[in-house]
Amino acid sequence: MRLAELSERSGVSTATIKYYLREGLLPPGERLTATKAEYGEEHLRRLRLVRALIQVGRMPVATAREVLKAAEDESLSQHLRLGAAVWALPHGPGPDKNAPDTARAREEANALLDQLGWASGRDARDDSPAYRMLVEAIVSLARLGYPHDTGHLLPYARLASELAVHELDVVETYDTPSEQIEASVALTVLYEPVLLSLRRLAQAQESGRRFDQA
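A quick note: this is a predicted structure, and the numbers were derived from the prediction, not measured.

### Looking at the overall build of the protein chain
Then comes step 1: Each helix and strand counted, the protein chain has nine helices and two strands in total.
Then comes step 2: For the protein chain, the succession of helices and strands along the chain, N to C, is α-α-β-β-α-α-α-α-α-α-α.
Then comes step 3: Whereas a compact globule of 214 residues would reach a radius of gyration of roughly 17 Å, the protein chain reaches 22 Å, over 25% beyond that.
Then comes step 4: Across its three principal directions, the C-alpha atoms of the protein chain cover 70 × 50 × 30 Å.
Then comes step 5: Among the 214 residues that make up the protein chain, the fraction classed as buried is 31%.
Then comes step 6: For the protein chain, the proportion of contacts with a sequence separation of at least 24, taken over those separated by at least 6, is 60%.
Then comes step 7: Of the roughly 13800 Å² that the protein chain leaves accessible, carbon and sulfur atoms contribute 54%.
Then comes step 8: Averaging the locations of the 26 positively and 31 negatively charged side chains of the protein chain gives two centres separated by 5 Å.

Next comes the structure, spelled out in structure tokens:
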């Protein structure tokens, strides 16, 4: 297909496609003439992944390029490819490494993960954006005097574990590694507001059941 058809079928403007080509996010098409090239189904699939990373995942172009590089590296396991994509997503602030309460929060976080049996990659936890977010959340809970021990955090972690099984089941329904990475990014980003909204609706439902005496 020509560039115009690639744009029409992908829903990405020709100007954006040209930008992706210049930035190395999309491989060049088969050159027909000095000014024309032909594109195939692999370009459509790559465009979907690029859009998932940049438009849905809000990754900077340079970060998306590194994720795409990892996605194409057949020497890496699919676990590492998916991990590279999800780790590269924007995350909340991490903790102040030098603050005394950060060390205590890290101990709480490690105790929680160890009790769950999530010991994989323990030595690399500090490199994980999600782990750093967890530590910062525990720091905030502790500073404000709210429960933050393992017993209080376990229900959240167990629910998250169930969600992870469900989401990876969905990811595995896609055929290719590239499609699975795209789905993993999209599911992570697009379902987080679903999770948040359902949690608040559930709280309203339970509050009404407990406290509404009308």
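### Points about the UniProt feature "domain: HTH merR-type" (unreviewed entry) in the protein chain
Then comes step 1: UniProt tags residues 1-70 as "domain: HTH merR-type" (unreviewed entry).
Then comes step 2: End-to-end, the C-alpha atoms of residues 1-70 are 27 Å apart, and along that stretch the chain is 61% helix and 6% strand.

### Digging into the packing of aromatic side chains
Then comes step 1: By the definition in use, this model includes one aromatic pair.
Then comes step 2: Ring geometry for Tyr19 against Tyr20: centres 6.1 Å apart, planes inclined by 45°, an arrangement best described as tilted.
Then comes step 3: Since its relative accessible area comes to 32%, Tyr19 is described here as partly exposed.

### A word on the side chain of Ser7
Then comes step 1: Its place among the elements puts Ser7 in helix H1 (residues 3-10).
Then comes step 2: When neighbours within four sequence positions are excluded, Ser7 is seen to be in contact with Val12, Ser13, Thr14 and Ile17.

### Description of the nonpolar core
Nonpolar side chains in soluble globular proteins tend to be buried together.
Then comes step 1: Judged by nonpolar contacts, the single largest core of 28 residues is most densely connected at Leu6, Tyr20, Leu25 and Leu53.
Then comes step 2: The set of elements that each furnish at least two residues to this core consists of H1, helix H2 (14-22), helix H3 (41-56), helix H4 (61-72), helix H5 (78-87) and helix H9 (177-211).
Then comes step 3: For this core, the element with the highest residue contribution is H3, accounting for six residues.
Then comes step 4: Excluding anything up to four places from it in sequence, Leu6 contacts Met1, Ile17, Tyr39, His43, Leu44 and Leu47.

Thresholds, definitions, all that
- Counting from 1, residues in each chain are numbered in the order their sequence is written.
- Thresholds applied to this predicted model are a pLDDT of at least 70 for local features of residues and 80 or more for the giving and counting of side-chain atom pairs; totals over whole chains, interfaces and linings are not thresholded and use all residues.
- The side-chain figures draw on all heavy atoms in the structure; neither hydrogens nor water molecules are used.
- Only DSSP runs of H or I reaching four residues or more are called helices, and only runs of E reaching two or more are called strands; each is numbered from the N terminus.
- For the radius of gyration, the atom set is restricted to C-alpha positions; the globular benchmark scales as 2.2 Å times the number of residues to the power 0.38.
- Exposure is judged per residue with a 1.4 Å probe applied to protein chains only, and the accessible area is read against the type maximum: over 50% gives exposed, under 20% gives buried, and values in between give partly exposed.
- Contacts are residue-level and defined by heavy atoms, with any inter-residue pair within 4.5 Å sufficient.
- Reported accessibility uses the Shrake-Rupley method at a 1.4 Å probe radius. Residues are deemed covered only where the shown protein chains occlude them.
- Lys and Arg are tallied as positive, Asp and Glu as negative. Neither His nor the chain termini are counted.
- To locate a charge, the coordinates of NZ of Lys, CZ of Arg, CG of Asp or CD of Glu are taken.
- UniProt positions are given in the numbering used here, feature names are shortened, and annotations may be inferred rather than shown by experiment.
- For Phe, Tyr and Trp, where Trp contributes only its six-membered ring, two rings pair if their centres lie within 6.5 Å, and the inter-plane angle classes them as stacked under 30 degrees, edge-to-face over 60, or tilted in between.
- Working definition of a nonpolar core: buried Ala, Val, Leu, Ile, Met, Phe, Trp, Tyr and Cys residues. They are joined through side-chain atoms within 4.5 Å.

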